[in-house]
Amino acid sequence: MPSLLLTVLMVAGAGQAPQVIDGNALFTQGMTYEDFLASADSRPEVWKANSKRANPSAALVDRLKKAGEGLRLVVVAVAACSDSVHTVPYIAKLASAAGIPLRVVDPTAGAPIQAAFKTPDGRGATATVALLRGDKVVAAWVERPAALQTWLLGPASTFPQSERMDRKFGWYEWDRGESTMAELVELAERHR
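Residues numbered from 1 in each chain as written. Predicted model: local features only at pLDDT ≥ 70, side-chain atom pairs only at ≥ 80, totals over all residues. Heavy atoms only, no water.

1. Considering the packing of helix 6 (residues 82-98) against helix 10 (residues 178-190)
Okay, step 1: Here helix 6 crosses helix 10 at 50°, and the two axes come no closer than 9 Å. Looking at the two axes, helix 6 sits oblique to helix 10. Between helix 6 and helix 10 the crossing geometry is right-handed. Between helix 6 and helix 10, the residues in contact are Thr87, Tyr90, Ile91 and Leu94 and Thr180, Met181, Leu184 and Val185, respectively.
Okay, step 2: Partitioned by chemical class, the residues of the contact of helix 6 with helix 10 number six nonpolar, two polar and no charged. (Axes fitted to C-alpha atoms, helices over the stretch in contact; angles between N-to-C directions. Helix = DSSP H or I, 4+ residues; strand = E, 2+ residues; numbered from the N terminus. Parallel < 35°, antiparallel > 145°, perpendicular 65-115°, else oblique. Left-handed = near helix turned anticlockwise from the far one by under 90°. Contact = heavy atoms within 4.5 Å. Nonpolar A, V, L, I, M, F, W, Y, C, P; charged D, E, K, R; others polar.)

Here it is in structure tokens:
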């Protein structure tokens, strides 16, 4: 899995970000996850349910703490996004448990991050999680976990849209944020 993860993240643009992104300005204009959650006007029941059940393992929390010196996260998300609602609550809980500051911005504010870090098929997407060290964006986790992304862009691409979405939501329900949290921790460890 790590080699597949690394391949997908590299294709998705998880390398060095351009220096033109002002990470501090983005972080400063973002809202806390709690404020974002309170204002979620789409899928509020799913946001709340995923937030309530998010339970990162002690091992992941400890690893993020160790990799977290000087780390801040900026999440580009919208409440209506099906990938955001199934990833961001877990990222927020993990960050909170590890003492990592996190802010959420909308795609208008987060456009520079989305332009620098695209999906494997070349789109800017929500959710995109930028990792900041100081004021610099050093890496980003993009849209969805690698295993799900690979499946959706590969074998599932021939499925009818409704079947793809049903299976995607089923996968998220089964995974419960585990892949998302593990990938984020691995990315933070690689970009210390």
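2. A short note on helix 10
Okay, step 1: Between its first and last C-alpha, helix 10 extends 19 Å over 13 residues, near the 18 Å set by a 1.5 Å rise per residue.
Okay, step 2: By the burial criterion, the buried members of helix 10 are Ser179, Thr180, Met181, Glu183, Leu184, Val185, Leu187 and Ala188. (Expected span 1.5 Å × (residues − 1). Buried < 20%, exposed > 50% of the residue type's maximum accessible area, 1.4 Å probe, protein only.)

3. Notes on unusual backbone geometry
Okay, step 1: In this structure, the amide linkage connecting Thr126 to the following residue, Ala127, adopts the cis form with an omega of 0°.
Okay, step 2: Structurally, Ala127 is set in the loop between helix 7 (111-116) and strand 3 (128-133).
Okay, step 3: With a phi angle near 50°, Arg176 is a residue other than glycine that sits in the positive phi range.
Okay, step 4: Within the element layout of this structure, Arg176 appears in the loop between helix 9 (161-175) and helix 10.

The analysis is restricted to geometry; functional conclusions fall outside its scope.
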